[in-house]
Amino acid sequence: MTRSSFRVLSVLAPLGAISLAFGGCTTPAEDAGHSNGGTHDDDDDNPSGHNGDGDGDGDGDGDGDGDGDGDGDTGDSDTGGGPAGDSCTPGVGDCPDGQKCLPYIEEVGACCVDADMCVEIVGDKQIGEPCSPELYSDDCAKDLYCMDGTPGEAGSGNCKALCDGSDPDSCVEKGLPEATCLSLNEGTLPVCMTSCHPLRPECGEEEGCYWGGIFLCGRTSVDPGKGKDGDDCFTVNGCDAGLLCNPAETLSGCESSYCCTLFCDLEGDGSECSDPEVCVPMFSAEDDPEPQWLDIGFCGVSSE
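All values derive from a computational prediction rather than experimental measurement.

> What should I look at first to understand the overall build of the protein chain in this one?
Of the regular secondary structure elements, the protein chain holds 1 helix and 13 strands. Ordered by position from the N terminus, the helices and strands of the protein chain form the series β-β-β-β-β-α-β-β-β-β-β-β-β-β. Here the analysis covers contacts within the protein chain between residues at least 6 apart in sequence; of these, 51% occur between residues at least 24 apart. Accessible surface for the protein chain amounts to roughly 14200 Å². Of this, 45% is attributable to carbon and sulfur atoms.

So, in structure tokens, the structure goes:
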């Protein structure tokens, strides 16, 4: 069962202005609490589209909600509120007592988190602890979010702190001085993440150092048989740790829009790269990169 995902991170030149998900894109199950109040039966025996109970929702119980339970609601409050929860702002704490703000996928078939709603708090896991995400709930405490390798897939993850995307000091105020409040998915998923250096990463188990406007530790989300140098990729963390998902025009032999390529050390001998690729600076002088990033390159084709 799916629940959420990340998207939309722009990267500096020479990578170009690309939009990628930070976390795999997922397709939520169409029957998992996404009823919009009515379905129609378009068979020839009933051209009106109604099922005979007078409410037009197609489930036969007469309540008009389409879920077949006769109660008139469109979700299941026992599993975190479903899509009927009130909208909210993550990291701000504007939900009623006993509830928390949960980023989730609003539209069936969408790839990534695009909305937030108040749901019942069903667990008390703390920052960094293993957690279990579901479609409309997780077992992390208030103001925390269960982030897994492919956010949006049920399974296992770790609790991360949600933050106020409008407050640059939000993570510091939550007792996380080394973290950065990264406002993902057009502000629907602001989360505290730890910065890193891709050539000298100190990220956790099953994490890699990925580019998201800055370099951040994130759970690797690799499709089976993918993630290696030259493999296609469509998410920031869709490559193995130590690799970068980069546009095809910057690489040699990439047959997709984006492919995985190795990071390399500009102060080294370039042995990480295979001909005809060379170690290319990730940032140009015009980018005015942070001093600690000046040695970061990727294996690609030189524009010179």
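> Would you take a moment to explain the state of the cysteines for this structure?
As used here, a disulfide is simply a covalent bond connecting the sulfur atoms of two cysteines. Applying the stated criterion across every chain, the model contains 13 disulfides. Two residues, Cys-131 and Cys-146, share a disulfide whose sulfurs are 2.0 Å apart. When the S-S torsion is 95°, as for the bridge of Cys-131 with Cys-146, the disulfide is right-handed. With Cys-131 in strand β3 (residues 130–131) and Cys-146 in strand β4 (residues 144–148), this residue pair connects regions lying 15 residues apart in the sequence. Overall, the relative accessible area of 3% leaves Cys-131 in the buried class. Here Cys-203 connects covalently by a disulfide to Cys-217, the sulfurs 2.1 Å from one another. In this structure, the disulfide formed by Cys-203 and Cys-217 twists by about -80° around the S-S bond and is classed as left-handed. Residue Cys-203 is found in the loop between β7 (189–194) and β8 (207–211), and its partner Cys-217 is found in strand β9 (residues 215–219); the two are separated by 14 residues along the sequence. Accessibility expressed as a relative area gives 21% for Cys-203, which makes it partly exposed.

> Is there a simple way to explain the pattern of salt bridges in this structure?
Here the idea is simple: oppositely charged side chains can pair when their charged atoms come close. Evaluation of the coordinates by the stated rule reveals 6 salt bridges. Lys-100 serves as the salt-bridge partner of Asp-138, at 2.4 Å between the closest nitrogen and oxygen. One end of the pair, Asp-138, is in the loop between β3 and β4; the other, Lys-100, is in strand β1 (residues 99–104), and 38 residues separate them in sequence. Across the pair, exposure class does not vary: Asp-138 and Lys-100 are buried alike.

> Explain the sheet that holds β4 here, please?
Picture the strands of a sheet paired through backbone hydrogen bonds; they go either parallel or antiparallel. Spatially, 3 strands are ordered β3-β5-β4 in an open sheet, and the strand pairing comes out antiparallel. A single partner strand is all that each edge strand has here, and the edge strands are β3 and β4. Strand direction decides the pairing type here: β4 and strand β5 (residues 157–161), joined by 5 bridges, are antiparallel. If you follow Leu-144 over to β5, its bridge partner there is Ala-161.

> Got a minute to help me understand empty space enclosed by the protein in this structure?
The method is simple in principle: a probe with the dimensions of a water molecule rolls over the atoms, and the space it marks as empty is what remains. In this structure the tally under the stated criterion is 2 cavities of 30 Å³ or more. Here the second largest cavity defines a volume of roughly 30 Å³. Around the second largest cavity sit Thr-89, Pro-90, Gly-91, Val-92, Gly-93, Asp-94, Cys-95, Lys-100, Cys-101, Lys-142 and Asp-143, which together line it. Grouping the constituent residues of the lining of the second largest cavity by class yields 4 nonpolar, 3 polar and 4 charged.

About the criteria used
- Residues numbered from 1 in each chain as written.
- Predicted model: local features only at pLDDT ≥ 70, side-chain atom pairs only at ≥ 80, totals over all residues.
- Heavy atoms only, no water.
- Helix = DSSP H or I, 4+ residues; strand = E, 2+ residues; numbered from the N terminus.
- Contact = heavy atoms within 4.5 Å.
- Areas by Shrake-Rupley, 256 points an atom, 1.4 Å probe, with all protein chains shown as cover.
- Disulfide = S-S within 2.5 Å.
- Buried < 20%, exposed > 50% of the residue type's maximum accessible area, 1.4 Å probe, protein only.
- Salt bridge = Lys/Arg side-chain N within 4 Å of Asp/Glu carboxyl O.
- Pairing = 2+ DSSP bridges.
- 1 Å grid on protein atoms, 1.4 Å probe; cavity = no way out; pocket = protein on both sides within 12 Å on 5 of 7 lines; lining within 4 Å.
- Points joined across faces, edges and corners; volume = space filled by probe spheres on them.
- Nonpolar A, V, L, I, M, F, W, Y, C, P; charged D, E, K, R; others polar.

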